Amino acid sequence: MVFPSALAVCPLFLYYQIMAFTFFNTAGREKQLFTPLQEGKVGFYGCGPTVYNYAHIGNLRAYVHHDILVRSLRRAGYEVNHVMNITDVGHLSDDADDGDDKMVKSAEERGKSVLEIADFYTQAFFNDTDRMNITRPSVVCKATEHIADMIALIERIEKNGFTYYAGGNLYFDITRFPSYGELALLRLDEQQAGARTEQDKNKRNPHDFVLWFTKSKFENQALVWDSPWGRGYPGWHIECSAMSMKYLGENFDIHAGGIDHIPIHHTNEIAQSEAATGKKPWVSYWLHNEFLVMDKGKMSKSAGGFLTLQTLIDEGFDPLDYRYFLLGGHYRSQLQFSMESLQGAKNSRKSLIDKIRSLADKVGSPANGNGEESRYIEAFNTAIEDDLSTPRALAELWGLLKEGPATPGALAAVFDMDRVLGLGLETACGDGKKDEDEGFAREIEGLIAKRAEAKKARDFTTADKIRQDLKERGIILEDSKDGTIWKRQ
Ligand SMILES: [Zn+2]
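Residues numbered from 1 in each chain as written. Predicted model: local features only at pLDDT ≥ 70, side-chain atom pairs only at ≥ 80, totals over all residues. Heavy atoms only, no water.

Draft legend 1. The arrangement of the coordination of the zinc ion in detail. The coordination sphere of the zinc ion, as far as protein atoms go, consists of Cys47 (SG), Cys240 (SG), His265 (NE2) and Glu269 (OE), spread over 2.1 to 2.7 Å. Geometry at the zinc ion is irregular, judged from the 4 donor atoms that bind it and their angles of 70 to 131° at the metal. Spacing between the donor residues of the zinc ion along their common chain follows C-x192-C-x24-H-x3-E. Here His265 pairs with Glu269, and both are found in helix H6 (residues 262-277), just 4 residues apart, close to one helical turn. For the pair shown, His265 and Glu269 are each scored as buried. (Donors = N, O, S within 2.8 Å, 3.2 Å for Na, K, Ca; no water. Tetrahedral: all angles 85-135°; square planar, octahedral: opposite > 155°, others 65-115°. Helix = DSSP H or I, 4+ residues; strand = E, 2+ residues; numbered from the N terminus. Buried < 20%, exposed > 50% of the residue type's maximum accessible area, 1.4 Å probe, protein only.)

Draft legend 2. Highlighting the sheet that holds strand E8 (residues 209-213). Taken in spatial order, the 4 strands of this open sheet run E6-E7-E8-E9, and their pairing is antiparallel. Strands with a single pairing partner mark the edges of an open sheet, and in this sheet they are strand E6 (163-166) and strand E9 (233-234). Here strand E7 (residues 169-172) runs beside E8; their pairing, made up of 3 bridges, is antiparallel. Each residue of the ladder has a partner; that of Tyr171, found in E8, is Val210. (Pairing = 2+ DSSP bridges.)

Draft legend 3. Summary view of the confidence of the model for the chain. Summarising the model, the chain shows a mean pLDDT of 89, and 88% of its residues fall at 70 or more. Scored below 50 in pLDDT, residues 1-14 shows 37 contacts in the model against residues more than four places distant or in partner chains. Scored below 50 in pLDDT, residues 193-197 shows 8 contacts in the model against residues more than four places distant or in partner chains. (pLDDT = per-residue confidence, 0-100. Contact = heavy atoms within 4.5 Å.)

Draft legend 4. Structural context of empty space enclosed by the protein. One pass over the structure, following the stated rule, counts 5 cavities of 30 Å³ or more. Looking at the largest cavity, the residues that line it are Arg61, Val64, His65, Ile68, Leu326, Leu327, Gly329, His330, Tyr331, Leu388 and Thr390. Those elements that provide at least two residues to the lining of the largest cavity are helix H1 (57-75) and helix H8 (319-327). Ranked by the residues each element gives to the lining of the largest cavity, the list is headed by H1, at 4 residues. Of the residues in the lining of the largest cavity, the class split is 6 nonpolar, 4 polar and 1 charged. (1 Å grid on protein atoms, 1.4 Å probe; cavity = no way out; pocket = protein on both sides within 12 Å on 5 of 7 lines; lining within 4 Å. Points joined across faces, edges and corners; volume = space filled by probe spheres on them. Nonpolar A, V, L, I, M, F, W, Y, C, P; charged D, E, K, R; others polar.)

Draft legend 5. Broad picture of the pattern of salt bridges. Under the criterion given, the structure shown has 25 salt bridges. Glu250 is paired through a salt bridge with Lys279; the nearest N and O atoms lie 2.8 Å apart. Pair noted here: Glu250 is in the loop between helix H5 (238-248) and strand E10 (252-258) and Lys279 is in the loop between H6 and strand E11 (283-289), with a separation of 29 residues, a long-range link. Judged by relative accessible area, Lys279 falls into the partly exposed class, the value being 41%. In this structure, Arg332 engages Asp387 in a salt bridge whose closest nitrogen and oxygen atoms are separated by 2.8 Å. Linking Arg332 in the loop between H8 and strand E14 (335-336) with Asp387 in the loop between helix H10 (373-385) and helix H11 (390-403), this pair joins segments that are 55 residues apart in sequence. Classification of Arg332 as partly exposed rests on a relative accessible area of 30%. Given a relative accessible area of 0%, Asp387 falls into the buried group. Linked by salt bridges that have partners in common, Arg451, Lys455, Arg467 and Asp479 make up one network. (Salt bridge = Lys/Arg side-chain N within 4 Å of Asp/Glu carboxyl O.)

Draft legend 6. Seen up close, the nonpolar core. Counting residues in each nonpolar core, the largest one holds 131 residues, and the members touching the most others are Leu73, Phe172, Ile254 and Tyr322. Other than its neighbours up to four places away in sequence, Phe172 contacts Ile157, Phe162, Tyr164, Phe177, Asp208, Phe209, Leu211, Ala271, Gln272 and Ala275. Phe440, Ile444, Ile448 and Leu470 belong to the second-largest nonpolar core, a separate cluster that totals 7 residues. (Core = buried A, V, L, I, M, F, W, Y, C linked by side-chain atoms within 4.5 Å.)

Structure (structure tokens):
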């Protein structure tokens, strides 16, 4: 790939004409060249949080993945419409319609209303993602504010003959949808749904799922709405179909989420969306991130005992240390977390920033160049184009700093790479410079005070030595009746 680095810091240039992304598409299980439905534009939906508790650090991995995707596409010149839902109703502790309602249970435990819980944890979520330098989505949509859209979509599904009503709930009938389970490569005959939890006796098939509940195990279900099927609340999966199509159109480019969403949540989203519109495929590319694992187990809230970003901060880490740690693993590989490996990431990020600061000290400001650094940008782009390989992209950044030229062009290249990585390198570099400047000024002021004291004590040898030492460091002192000022030579 030819990548003129002079363009690397020019946001107006349309890179999508140059960059060729390939993504591993779960639908098809292969890397595929990315071609959006509309040239230059990308519609992207990433499943958002269920706001009944703090996000654990494993959840945050998914949002860093979404952020890298969005940043890469935007840097390449695409206009990206990134939509994310907030689940504040209807998500049961088991994705297959069983168990407790997560929101209701959390509200009961904490003696708050469901909406208070939702607001509190939504803010906590964005507080975490902001601290990790995760770009906020273009559209954040709450399930409770889109009930009418969900009802309208369910009506279309019903009209097309894909539903049945049983025991007070409206179900999706998967036997009417022959391609059910293709995304997950499900072998329906071998599946034993309900093995994990109590089975819903109203279901004709274990994989059928609820579109609308009117029967809740909670007598005082706080959030209920009128619907053609009775007063109740939506099944969890319908919100993602309804809201993604509302903001991105009936077909769109990319849908992402954790791999745990493949067998049920995303499988059901596809079935109900395509049943409503009849337009296949609903989504062109499905991207799924692997888990963060600790002690060989998936980290999860329902399993109890989990780490939050705040836990890491309390342990002395910067949220960006954790971001750096995550970028060190490819999003489709399991990543083993430990405090030791996070410490390693912290040390690496610190030496990365030190290296960039010393480059900045040498070359001053970044400037477009077209020198040796373009080789590193080209390799960086190749890594990102290849299914967002952040470990290889990071290695190219390190290569540039260790072996590349010390030029303003190299510094510009570092900051350009960080438009994808999001490690806040330009700010860190600027802060470092500011800290240094402030520290330097404090030191000079201290010496001036010492010199004034020496003069007062008629110790002219010391006073002259201080003036001479400063002169050698390029600082000139000017005495006046109001005191002494200093300036650089
Ligand atoms: Zn979803």
